[in-house]
Amino acid sequence: MSLLELDDVSVTYRIAAGELPAVRGVSLSLDAGAALGVAGESGSGKSTLAMALLRLLPKDARVGGRILLDGEDVLAMKWGRLRAVRWAAASIVFQGAQHGLNPVRRIGDQIAEPLLVHGLAKPDAARARVAELLEQVGLPAWRARSYPHELSGGQRQRVMIAMALACSPRLIIADEPTTALDVMVQAQVLTLIKELVAEHGISLIMISHDLSVLADVCDQLAVMYAGRVVEHGPSGEVFHEARHPYSRALAAAFPTVGDPVSRMAPKGLGGDPPDPMQLPGGCAFHPRCPVALDECASLDVALWPSGPGRTAACVHVKAAESVGVAGAEEEGS
Ligand SMILES: Nc1ncnc2c1ncn2[C@@H]1O[C@H](COP(=O)(O)OP(=O)(O)OP(=O)(O)O)[C@@H](O)[C@H]1O
Ligand code: SF4
Ligand SMILES: [Mg+2]
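Quick look at the structure, then. (Residues numbered from 1 in each chain as written. Chains lettered and ligands numbered in written order. Predicted model: local features only at pLDDT ≥ 70, side-chain atom pairs only at ≥ 80, totals over all residues. Heavy atoms only, no water.)

**Overview of the overall build of the chain**
For the chain, the helix and strand inventory stands at 11 helices and 12 strands. With respect to the three principal axes, the spread of C-alpha positions in the chain is 65 × 45 × 40 Å. Relative to its full complement of 333 residues, the chain shows a buried share of 49%. Taking all contacts inside the chain whose residues are at least 6 apart in sequence as the whole, residues at least 24 apart take part in 63%. Averaging the positions of the 30 positive and the 37 negative side-chain charges in the chain gives two centres separated by 9 Å. (Helix = DSSP H or I, 4+ residues; strand = E, 2+ residues; numbered from the N terminus. Buried < 20%, exposed > 50% of the residue type's maximum accessible area, 1.4 Å probe, protein only. Contact = heavy atoms within 4.5 Å. Lys, Arg positive; Asp, Glu negative; His and termini not counted. Charge placed at Lys NZ, Arg CZ, Asp CG, Glu CD.)

Here you go:
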């Protein structure tokens, strides 16, 4: 059975201007011990989806569909159960989270907090566990007595990972865990995450706008555009032979893991993502799509099979599959 199962998940924010559809009909699953990457430009709904998984969204967000964690319906959980699940079963490393550390508390106390709050350890055992966790993330045990401002950005991000690991969760959700870091430190932290999840058999959902980072760390990739998954499959295949024109543009924008040049000047992606309050009809990507057909402006797009274990929401993929052709790269170009 899958550790996590998302079935037709949608999230709508109620804002002053009306209803903003941030996530639209996302269905995905994650096996125990597997790593799923979620890619997409700013505003594509990645963080909203991540927060929906643990019901961390603000009150003005309406969530639809089903989210099953180990077979249990997250959206139906009572508050007490939900609190136990957060940290103990699944934990999240937020975007820019290293800035969220409490500046006036020693980091050892902050790492120990979930262990003490959830009654998983007495103070002495929690101290020993903090030393062990710091060692796992490559920091010396004496750092427990440091305050956040005494650490570098990369070290603070390691502390956030130690916090996420504290209660031995089965799932870690890492939302842009390295974006704020410089390239060398980014590579070190990514390697650390990769090693830790493999060593401890933890499942991982990692979010980034950088497809190359995800392809390096994850087994599976889901590419989001305007709140929808537009392509899904094994990460190497999606990165190197994307079937959807948007995934191809994203892969071209970030060709090499952590490459500073491609980070500064992403190429291949013209125009801006759509305003979620005014989504284009048909395929939401059609105003930017280099291989759009006339019908794309009104077409009802769905995720069609695009190879073994792969799907993509593009009319060219649908056409290629219906005539039994595996690839769709040349279609329409
Ligand atoms: N609390 C909120 N209230 C209203 N709208 C929100 C809220 N949070 C996010 N949104 C909107 O939902 C959409 C998706 O935002 P989200 O933060 O999930 O995107 P993202 O893919 O994580 O982007 P980024 O790469 O910039 O982090 C955006 O249009 C955003 O403006
Ligand atoms: S459905 Fe049409 S607009 Fe959308 S990605 Fe495919 S070709 Fe482009
Ligand atoms: Mg985000």
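**Some points on unusual backbone geometry**
With a phi close to 55°, Asp70 is a non-glycine residue in the positive phi region. As for its position among the elements, Asp70 is in the loop between strand E4 (61-69) and strand E5 (72-73). Given the relative accessible area of 39%, Asp70 is considered partly exposed. The phi torsion at Ala226 lies on the positive side, around 50°, for a residue other than glycine. Along the chain, Ala226 turns up in the loop between strand E9 (220-225) and strand E10 (228-234). Ala226 sits in the buried class, given a relative accessible area of 13%.

**Description of empty space enclosed by the protein**
Counting across every chain of the model gives 4 cavities of 30 Å³ or more. Taken as a whole, the largest cavity encloses approximately 80 Å³ of empty space. Every residue lining the largest cavity is counted, 15 residues in all, and those nearest its centre are Cys283, Cys289, Cys296, Cys314 and Val315. Size it by volume and the second largest cavity reaches roughly 60 Å³. Together, Val93, Ile161, Leu165, Ile172, Ile193, Leu196 and Val197 line the second largest cavity. Ranked by residues supplied to the lining of the second largest cavity, first place goes to helix H6 (residues 183-200) with 3 residues. Class assignment of the residues belonging to the lining of the second largest cavity gives a composition of 7 nonpolar, no polar and no charged. (1 Å grid on protein atoms, 1.4 Å probe; cavity = no way out; pocket = protein on both sides within 12 Å on 5 of 7 lines; lining within 4 Å. Points joined across faces, edges and corners; volume = space filled by probe spheres on them. Nonpolar A, V, L, I, M, F, W, Y, C, P; charged D, E, K, R; others polar.)

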